[in-house]
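# Structural features, examined
Each chain, letter by letter, is given below.
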Amino acid sequence: MKVTVFGIGYVGLVQAAVLAEVGHEVLCIDVDAKKVENLKNGLIPIFEPGLTPLVQRNYEAGRLLFSTNAAEGVAHATVQFIAVGTPPDEDGSADLKYVTAVARTIAEHMTEPKVVIDKSTVPVGTADKVRAVMSDKLKERGVDISFDVVSNPEFLKEGAAVADCMRPERIVIGTDNPDAIDPIRELYEPFNRNHDRMILMDIRSAELTKYAANCMLATKISFMNEMSNLAEMLGADIEKVRQGIGSDSRIGYHFIYPGCGYGGSCFPKDVQALIRTAEHIGYQPKLLQAVEQVNYQQKYKLPAFIQRHFGDDLKGRTFALWGLSFKPNTDDMREASSRVLMEQLWAAGAKIKAYDPEAMNETQRIYGHREDLELMGTKESALHNADALIICTEWQNFRAPDFDVIKKALKEPVIFDGRNLFDPERLEKRGFTYYGIGRGASINPVL
């Protein structure tokens, strides 16, 4: 099949590359001419395992094309994906200006029927807006051309997006027209060989499914962080609690790791957007509001531990920071806990020597050159003469470090672990002072 994808961001590029990999002819359209030229030259704008060779291979094979010509994109295919960004507006609601702009562009150039697929994460009711924008534009042109609007939300995990796209757990399709299902079945047939992963529903249910999924996962994280705060005060160890509750098949082990808060492009934005949607219709989403509040507070845990140990005035202190991205296997720093941590420490007068396997350039882009931030080439070099080690991201190569090297390099053997990578008792036997999240041994219980 021929497919057009509007928007070469995280979702659009991964989806386009995977569709090309199974044999479809995919044309990607984006307004950013520099991004388009870079992609043609094999330069991928994001770090995602497996994505670079996938894009390069399919571009060289001629199945994956890039252009800024919107009219060309509309003419290329019957199936038109909208995969542009929906950034949070000032009040936290999703900004749909890019989605509606693409819808208007498709209607402006189409000369035959189209199936328009909303791939972007959009609030309930967006398909109605897309349909209205397109209808108005076609009416303005004085033409009568049929089209369908379909909701097909993505469920990709950053760091595993290519694998998730190649082997999806489910393919949610929201449509009010049964005739629109056949081209979508053909499109996704290569991913249904083992069993049918397509789940058909009405459009509004599909739009809500995406938000509900992310909000559920965010809720599990905030719940465990709430439990970790209780564990600290009660002298319990949240890691033992996690193992105890995770063994219950109704709960499971996924997304119940406590830490220094979730971040990224999805959870914070989607929780806020669903809260605003609920408030707009007169419903107070108390649970979602609590999820957001707990996560906000959790990002200040590590700065609080550090100032409890060293005092409020951190002038003259230097801290080694391992991990800048919001999670492993990505260079994405949107809503990353490391950003709150660094900004709090800078405000208290501290300096930071930081290392991340992938997010160094992104850190430089965000913060520029600062006297109080030094980006180091290795995790070991960040330790030299630092007052303590802080861990914000659970990268694999942080999990089994040489603790003798750490102890020798630091001024004091102190570790603030925002991802609970290490065993407190083992580190204390080695002479470290260890602060974890919800590890009661580090805190004096109140009972």
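None of the values given here were measured: they were computed from a predicted structure. (Residues numbered from 1 in each chain as written. Predicted model: local features only at pLDDT ≥ 70, side-chain atom pairs only at ≥ 80, totals over all residues. Heavy atoms only, no water.)

What follows is about the packing of helix α6 (residues 126–141) against helix α9 (residues 203–234). Two elements in contact, α6 and α9, have axes separated by 9 Å at closest approach and are oriented at 125 degrees. Compared by their axis directions, α6 and α9 come out oblique. Each of T126, A127, D128 and R131 in α6 lies in contact with α9, whose residues at this interface are I203, R204 and E207. Along the lines of polarity and charge, the residues of the contact of α6 with α9 split into two nonpolar, one polar and four charged. (Axes fitted to C-alpha atoms, helices over the stretch in contact; angles between N-to-C directions. Helix = DSSP H or I, 4+ residues; strand = E, 2+ residues; numbered from the N terminus. Parallel < 35°, antiparallel > 145°, perpendicular 65-115°, else oblique. Contact = heavy atoms within 4.5 Å. Nonpolar A, V, L, I, M, F, W, Y, C, P; charged D, E, K, R; others polar.)

Further remarks concern the domain arrangement of the protein. Split by domain assignment, the protein resolves into domain 1 (2–201) and domain 2 (236–440). A separation of 34 Å is found between the C-alpha centroids of domain 1 and domain 2. With 16 residues of domain 1 at the interface, the matching set in domain 2 holds 16 residues. Area buried by domain 1 at its contact with domain 2 is led by F47, G92 and E158, which between them contribute 47% of it. (Domains from an automatic or database assignment. Buried area = accessible area lost by both parts, 1.4 Å probe.)

Together, L230, M233 and L234 line one region of the surface with nonpolar side chains, adding up to about 280 Å² of accessible area. Mapped onto the secondary structure, L234 falls in helix α9. (Patch = residues over 30% accessible without salt bridge, like charges linked within 9 Å, V, L, I, M, F, W, Y side chains within 5 Å. Areas by Shrake-Rupley, 256 points an atom, 1.4 Å probe, with all protein chains shown as cover. Salt bridge = Lys/Arg side-chain N within 4 Å of Asp/Glu carboxyl O.)

Taken as a whole and assessed by the stated rule, the structure comprises 14 aromatic pairs. Centroid distance W322 to F398: 5.2 Å. Interplanar angle 35 degrees. Geometry classified as tilted. With W322 in strand β9 (residues 318–322) and F398 in the loop between β12 (388–391) and α16 (403–409), this pair connects stretches of sequence that are 76 residues apart. Across the pair, exposure class does not vary: W322 and F398 are buried alike. Through a chain of ring-to-ring contacts, three or more aromatic side chains come together here, namely F305, F310, F319, F416 and Y435. Between the NZ or CZ atom of R170 and the centre of the ring of F155, over which it lies, the distance is 3.8 Å. The positively charged end of R370 is found above the aromatic ring belonging to W346, 3.7 Å away from the centroid. (Phe/Tyr/Trp six-rings, centres within 6.5 Å; stacked < 30°, edge-to-face > 60°. Buried < 20%, exposed > 50% of the residue type's maximum accessible area, 1.4 Å probe, protein only. Lys NZ or Arg CZ within 6 Å of the ring centre and 35° of its normal.)

Looking now at the UniProt feature "domain: UDP-glucose/GDP-mannose dehydrogenase C-terminal" (unreviewed entry) in the protein. Using the residue numbers shown here, the UniProt feature "domain: UDP-glucose/GDP-mannose dehydrogenase C-terminal" (unreviewed entry) corresponds to residues 320–424. For residues 320–424, helix accounts for 26% and strand for 18%, while the C-alpha atoms at its two ends are 19 Å apart. (UniProt positions renumbered as here; feature names shortened; annotations may be inferred.)

All right, on to unusual backbone geometry then. If a residue is not glycine, its phi is most likely negative; likewise, a peptide bond is most likely trans. Despite not being glycine, F255 shows a phi value in the positive range, around 60 degrees. Here F255 lies in the loop between α10 (238–246) and α11 (267–280). A relative accessible area of 29% places F255 in the partly exposed class. The backbone phi angle of E335 is positive, close to 60 degrees, even though this residue is not glycine.

The positions that UniProt labels "binding site: substrate" (unreviewed entry) are, in the present scheme, F155, L156, K157, E158, K210, F255, I256, Y257, P258, G259, G263 and K327. Spanning 173 residues, the annotated positions stay apart in the fold, the maximum distance between their C-alpha atoms being 24.0 Å. Mapped onto the elements, E158 comes out in the loop between β6 (147–151) and α7 (161–166). Residue classification places E158 among the buried positions, given a relative accessible area of 6%. The residues contacting E158, other than those within four sequence positions of it, are Y10, E48, S265, F326, K327, T330, D332 and R334. Engagement of the side chain of E158 in a polar contact is seen with the side chain of S265, the distance being 2.9 Å. Counting through the fold element by element, G263 comes out in the loop between α10 and α11. (Polar contact = N/O pair within 3.5 Å; in protein donor to acceptor, adjacent residues only side chain to side chain.)

Examined against the element boundaries, K114 turns out to sit in strand β5 (residues 114–118). Separated by 2.6 Å, the side chain of K114 and the backbone oxygen of V74 make a polar contact. Apart from the residues within four sequence positions on either side, K114 is in contact with V74, A75, A77, T78, Q80, S146, F147 and D148.

Let us now look at a negative patch on the surface. A cluster of acidic residues, D179, D182, E186 and E189, forms a negative patch on the protein surface. Tracing the backbone shows E189 in the loop between α8 (181–188) and β8 (198–201). (Lys, Arg positive; Asp, Glu negative; His and termini not counted. Charge placed at Lys NZ, Arg CZ, Asp CG, Glu CD.)

Here we take up the pairing of strand β1 (residues 2–6). Within a regular beta strand, the side chains point alternately toward one face of the sheet and then the other, so they alternate between its two faces. The element β1 is largely enclosed, with a buried count of four among its five residues. Note that β1 and strand β2 (residues 25–29) share five bridges and pair parallel. By the bridge assignment for β2, F6 is matched with I29. With helix α1 (residues 10–21) bridging β1 and its parallel neighbour β2, the resulting β-α-β unit is right-handed. Pairing analysis gives four bridges linking β1 to strand β4 (residues 79–82), with the strands arranged parallel. (Pairing = 2+ DSSP bridges. Right-handed = clockwise from strand over helix to strand, strands pointing away.)

Read across the sheet, six strands follow the order β11-β10-β9-β12-β13-β14 without closing on themselves; strand pairing throughout is parallel. In this open sheet, the two strands that pair with only one neighbour each are β11 (373–375) and β14 (433–435). If you compare each strand with its neighbour and ignore which way they point, the axes differ by 20 degrees on average. Packing against the sheet, helix α15 (residues 360–367) makes contact with β10 (351–355) and β11, and its axis sits at approximately 155 degrees to β11.

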